[in-house]
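# Inside the fold
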Amino acid sequence: MMKLTQEQTQYIFDYVSSRDIKWYELQVELTDHMVSSMEEIWEKDPELTFHQVKQYAENNFTGDSSFKSIEKERTEILGKEFRKEQWKMIGEYLKFPKIFASIIVVFLTFKISLYFEEPRKFVAGLFLFLIFVAIPMVYSYYKNRKIDGNRFIEIEKSNPLTLLFGGFINFGLSLGNVFKEEINEYALVLFLFCCLWALTVLCLITGILLQNKTIKRVKEQYQLN
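Below: a short report on this structure. (Residues numbered from 1 in each chain as written. Predicted model: local features only at pLDDT ≥ 70, side-chain atom pairs only at ≥ 80, totals over all residues. Heavy atoms only, no water.)

### Brief notes about the pattern of salt bridges
Pairing between side chains of opposite charge can happen when their charged atoms approach one another. The condition is simple: In the sections that follow, a salt bridge refers to a side-chain nitrogen of Lys or Arg positioned within 4 Å of a carboxyl oxygen of Asp or Glu. Exposure is judged per residue with a 1.4 Å probe applied to protein chains only, and the accessible area is read against the type maximum: over 50% gives exposed, under 20% gives buried, and values in between give partly exposed. Helix and strand assignments come from DSSP, with helices taken as H or I runs of at least 4 residues and strands as E runs of at least 2, each series counted from the N terminus.
A full pass over the atoms with the stated rule returns 12 salt bridges. Put simply, glutamate 118 and arginine 120 hold a salt bridge, and the shortest N to O gap is 3.6 Å. You can call glutamate 118 partly exposed: its relative accessible area is 32%. Exposure remark for arginine 120: the relative accessible area of 27% places this residue in the partly exposed category. Between arginine 145 and glutamate 156 there is a salt bridge, and its shortest N-O distance comes to 3.7 Å. Taken together, the positions of arginine 145 in the loop between helix H7 (135-143) and strand E1 (146-147) and glutamate 156 in helix H8 (residues 153-156) put the pair 11 residues apart, joining distant regions of the chain. The partly exposed category is assigned to arginine 145, whose relative accessible area is 31%. Glutamate 156 gets classed as buried once you look at its relative accessible area, which sits at 19%.

Have a look at this one:
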């Protein structure tokens, strides 16, 4: 079977990168697909030039799409996979025996909140506290956002800012502001907010674990420092 030279493969990699594909793993994946397709085409018709083979391979691979549309589709898929894996990890904390730890956290949080004259302030403090707890996660994200000058979709999907300002923390603070009077007056509402806070804690814990796991996997897979 016809094999592309190292220089030709590098040319294809550079070409894919020039199509505004900014994620390294996708650059590698698209390059591999292009190279494999080119080798198959060239095997069938050795008379074709390198650039003719490249164009045929690109047409076969992208079809009516483009590299950018493939990137968008792949990004959405990895985002769904990340969220699915995180919810799976959260589910483990809601099963025996870890669920006992979750119940204890909710129970203790609820009991402590009852000692405050205005429990809503305590609840707001709990959610604000998680922002400070997430600082190491934010630092790790920005530290590893680029590895050896390359960016990765998988690491981008572990962006903690989504959790802090677009997830349960922001949701808890906003909802607490809407139901501030009910939190002070009704124990059941206060208890539900304690449950929401505990769920947010689980999101934060699993987010940190998954982020570290993702960074480690990316470094090992692409042999980066």
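### Some details on helix H6 (residues 119-133)
Each turn of an α-helix holds 3.6 residues, which means side chains three or four residues apart point in the same direction. Rules: What a helix should span is 1.5 Å times the count of its residues minus one. Relevant arc is that of directions from the helix axis to the C-beta atoms, nothing else.
Compared with an ideal rise of 1.5 Å per residue, which puts 15 residues at 21 Å, H6 spans 21 Å between its outermost C-alpha atoms and is within 8% of the ideal. All buried positions along H6 are accounted for by Pro119, Phe122, Val123, Leu126, Phe127 and Leu130. The arc enclosing the buried residues of H6, seen along the axis, measures out at 135 degrees, which places them on a common side. Projecting away from the buried face of H6 at angles above 90 degrees are the exposed residues Lys121 and Phe132.

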